[in-house]
Amino acid sequence: MNGVHDMGGMHGFGPVVPEPDEPPFHAPWEKRAFALTLAMGMPGGWNLDMSRFARESMPPAEYLASSYYEIWIAGLQTLMLQRGLISQEEIEQGHARGAAKPVARILSAADVEKVLYRGGPTARDTDTPAKFSAGDRVRMKNINPPTHTRLPRYVRGHVGTIDLVHGAHVFADSHARGEGENPQWLYTVRFDARELWGADADPTVSVSVDAWEPYLEPA
Amino acid sequence: MAHDHHDHDHSDLSETELRVRALETILTEKGYVDPAALDLLIETYEKKVGPRNGARVVARAWSDPDYKAWLMKDANAAILSVGYAGRQGEHMVVVENTPKQHNMVVCTLCSCYPWPVLGLPPVWYKSAPYRSRAVADPRGVLKDFGVTLPADTAIRVWDSTSEIRYLVLPMRPKGTDGWSEDKLADLVTRDSMIGTGLAKEPE
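Quick notes on the rules
- Residues numbered from 1 in each chain as written.
- Chains lettered and ligands numbered in written order.
- Predicted model: local features only at pLDDT ≥ 70, side-chain atom pairs only at ≥ 80, totals over all residues.
- Heavy atoms only, no water.
- Helix = DSSP H or I, 4+ residues; strand = E, 2+ residues; numbered from the N terminus.
- Buried < 20%, exposed > 50% of the residue type's maximum accessible area, 1.4 Å probe, protein only.
- Contact = heavy atoms within 4.5 Å.
- Areas by Shrake-Rupley, 256 points an atom, 1.4 Å probe, with all protein chains shown as cover.
- Lys, Arg positive; Asp, Glu negative; His and termini not counted.
- Charge placed at Lys NZ, Arg CZ, Asp CG, Glu CD.
- Buried area = accessible area lost by both parts, 1.4 Å probe.
- Salt bridge = Lys/Arg side-chain N within 4 Å of Asp/Glu carboxyl O.
- Nonpolar A, V, L, I, M, F, W, Y, C, P; charged D, E, K, R; others polar.
- Pairing = 2+ DSSP bridges.
- Domains from an automatic or database assignment.
- Axes fitted to C-alpha atoms, helices over the stretch in contact; angles between N-to-C directions.
- Parallel < 35°, antiparallel > 145°, perpendicular 65-115°, else oblique.
- Left-handed = near helix turned anticlockwise from the far one by under 90°.
- Polar contact = N/O pair within 3.5 Å; in protein donor to acceptor, adjacent residues only side chain to side chain.

Chemist: Account for the overall build of chain B, naming residues and giving values.
Modeler: From N to C terminus, chain B includes 11 helices and 4 strands. Projected onto its principal axes, the C-alpha coordinates of chain B cover approximately 55 × 35 × 35 Å. Out of the 203 residues in chain B, the part that is buried amounts to 61%. Residue pairs in contact within chain B that sit at least 24 positions apart in sequence constitute 68% of those at least 6 positions apart. Of the accessible surface of chain B, which amounts to about 8,000 Å², a share of 51% is contributed by carbon and sulfur atoms. Of note, chain B has its 24 positive side-chain charges centred 5 Å away from the centre of its 29 negative side-chain charges.

Rendered as structure tokens:
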């Protein structure tokens with residue numbers, strides 16, 4: 001979706017402000033927000049792409065006015081409400097009201113280490129040959145789906161060169177829509193900064209994105 | 001956005017606090033979460049997983065050419081051999097800084113970051129200023145970090161738009177010949193592995 005989360009190339013946000021000796025969390029509630037989001041993935045049954053879509057679907061003004069973990073909590077609430085795991089009434093009252101919806105599994109303390117270690121690999125075997133190889137020139141399609149996509153606006157329509165071929169990976173766009181993994185070849189595509197930002201751009205700069213094959217056409 | 005929580009007034013902050021607390025209560029009452037699992041998740045990313053992991057990988061690459069070759073070719077296997085793997089680092093690629101090319105990593109769409117080697121991302125990495133400018137004005141961003149590269153050093157920005165996670169292998173500082181891996185690791189900063197900084201110079 002063409003949301004405000006797609007920030008590459010926007011102006012006006014000011015300088016980057018690094019924080020010396022920054023702690024992993026800045027408030028106790030951030031720790032709980034982080035842990036709740038991770039832990040709910042298992043009983044919730046959504047995938048990472050669905051969570052990203054839930055977060056980026058927040059209205060733009062609200063997204064920009066929210067801190068990182070506020071966005072996470074809002075996204076988590078959206079996902080749980082959509083699936084009927086909790087109700088609006090429960091959120092307002094701060095307690096469980098109805099019976100829990102049966103869930104396949106919850107994350108137990110005993111499983112935490114194993115689950116984190118395993119992670120969620122997205123590489124998949126495929127019998128389909130790759131359409132492109134390293135060195136090929138490709139144009140990023142001009143697509144504007146209202147659903148989740150990982151093709152940022154700043155590269156759409158632009159021509160780059162295939163730099164790395166990563167094999168087939170779960171296709172985020174399909175996965176976020178609940179249409180299955182639909183694995184597609186994944187490439188790193190590199191652009192000259194002048195191709196993206198115009199003739200005045202720094203000629204020593206290049207930028208790459210990772211792009212699934214459905215985003216690409218031969219150039 | 002993300003860096004501005006300091007600007008929130010107290011009532012706003014406590015509203016968020018109450019909201020998260022209420023959510024945890026509901027989810028615990030409904031049996032969807034195990035509070036002990038939550039504590040363990042927090043402890044893991046607060047105490048165990050952080051940029052010290054990545055620094056050990058970098059120090060080994062600086063010390064052992066065979067390890068470095070392996071790391072550049074099969075990052076996951078080489079990183080696993082030092083003891084790190086897992087969530088948000090399932091598909092690692094290491095990119096090497098040289099006098100000719102400097103690498104910088106960003107996620108313009110959200111906050112993708114190699115957790116097993118760097119821990120959770122700092123607030124600035126997830127912030128609008130970094131996400132908007134890293135791909136359009138990386139030299140300007142480096143300036144915000146007090147870093148100026150030679151004008152003829154090319155800059156390569158990696159936007160993490162898939163599940164591939166990038167780790168920058170910074171250049172080894174001069175004057176460190178014969179240093180142990182432990183001593184070298186102390187020179188490897190988090191920012192040097194994102195590409196918004198350089199490794200520390202020996203004192």
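Following the structure, the description resumes.
Chemist: Provide a residue-level description of the interface of chain B and chain A, including the pertinent values.
Modeler: On the chain A side, the residues contacting the 83 residues of chain B number 92 residues. Summed over both sides, the interface of chain B with chain A buries roughly 7,600 Å², with 63% coming from carbon and sulfur. The tally of links from chain B across to chain A stands at 7 salt bridges. When the shortest N-O distance is used, the salt bridge between A:Arg32 and B:Glu24 registers 2.8 Å. For the side of chain B that touches chain A, the elements supplying multiple residues, two or more each, are α1 (10–29), α2 (35–48), β1 (91–96), α7 (123–126), α8 (128–133), α9 (138–144), β3 (154–159) and β4 (164–169) of chain B. Of all the elements, α1(B) adds the most residues to the side of chain B that touches chain A, at 12 residues. Split by residue class, the side of chain B that touches chain A holds 45 nonpolar, 17 polar and 21 charged. Here strand β5 (residues 205–212) of chain A runs beside β3(B); their pairing, made up of 5 bridges, is parallel. Bridge pairing in β3(B) places A:Val207 opposite B:Val157.

Chemist: Break down the domain arrangement of chain A for me, with residues and values.
Modeler: Residues and elements named next belong to chain A. Segmenting chain A into domains produces domain 1 (28–118) and domain 2 (123–218). Once you take the C-alpha centre of each, domain 1 and domain 2 turn out to be 29 Å apart. Contact residues are listed per partner, giving 6 residues for domain 1 and 8 residues for domain 2. At the boundary of domain 1 with domain 2, total buried surface from both sides reaches about 610 Å², with 54% on carbon and sulfur atoms. Taken together, domain 1 and domain 2 are joined by 0 salt bridges.

Chemist: Please set out the packing of helix α2 (residues 48–56) of chain A against helix α4 (residues 68–82) of chain A residue by residue, giving values where relevant.
Modeler: Residue and element names in this part refer to chain A. At a minimum axis distance of 8 Å, the contact between α2 and α4 shows a crossing angle of 110°. Classified by the angle their axes make, α2 and α4 are roughly perpendicular. Taken as a pair, α2 and α4 cross one another with a handedness that is right-handed. Seen from α2, the contacting residues are Met50, Ser51, Ala54 and Arg55; seen from α4, they are Ile71, Trp72, Gly75, Thr78 and Leu79. Of the residues assigned to the contact of α2 with α4, the class counts are 5 nonpolar, 3 polar and 1 charged.

Chemist: Go over the pairing of strand β2 (residues 101–106) of chain B with me, naming the residues and quoting the values.
Modeler: Residue and element names in this part refer to chain B. Among the 6 residues in β2, 6 count as buried, and that is most of the element. Judged by which residues are buried, β2 turns out to be covered on both faces: Gln101, Asn103 and Val105 on one side and His102, Met104 and Val106 on the other are all buried. Where β2 meets β3, 6 bridges bridge the pair, whose relative direction is parallel. Bridge assignment links His102 to a residue of β3, and that residue is Ile155.

Chemist: How would you sum up the side chain of B:Glu163? Please name residues and give values.
Modeler: Along the chain, B:Glu163 turns up in the loop between β3 and β4. There is a polar contact of 2.7 Å between the side chain of B:Glu163 and the side chain of A:Arg52. Among the polar contacts listed, one links the side chain of B:Glu163 to the side chain of B:Arg165, at a separation of 2.9 Å.

Chemist: Any details on the pattern of salt bridges? Residues and values, ideally.
Modeler: One pass over the structure, following the stated rule, counts 22 salt bridges over all chains. Here B:Arg133 and B:Asp137 are joined by a salt bridge, their closest N and O atoms 3.8 Å apart. Through salt bridges with shared partners, a single ionic network connects A:Asp49, A:Arg52, B:Glu163 and B:Arg165.

Chemist: Explain the domain arrangement of chain B residue by residue, including any values.
Modeler: Under the domain assignment used here, chain B contains domain 1 (7–46) and domain 2 (50–194). The gap between the C-alpha centroids of domain 1 of chain B and domain 2 of chain B is 31 Å.

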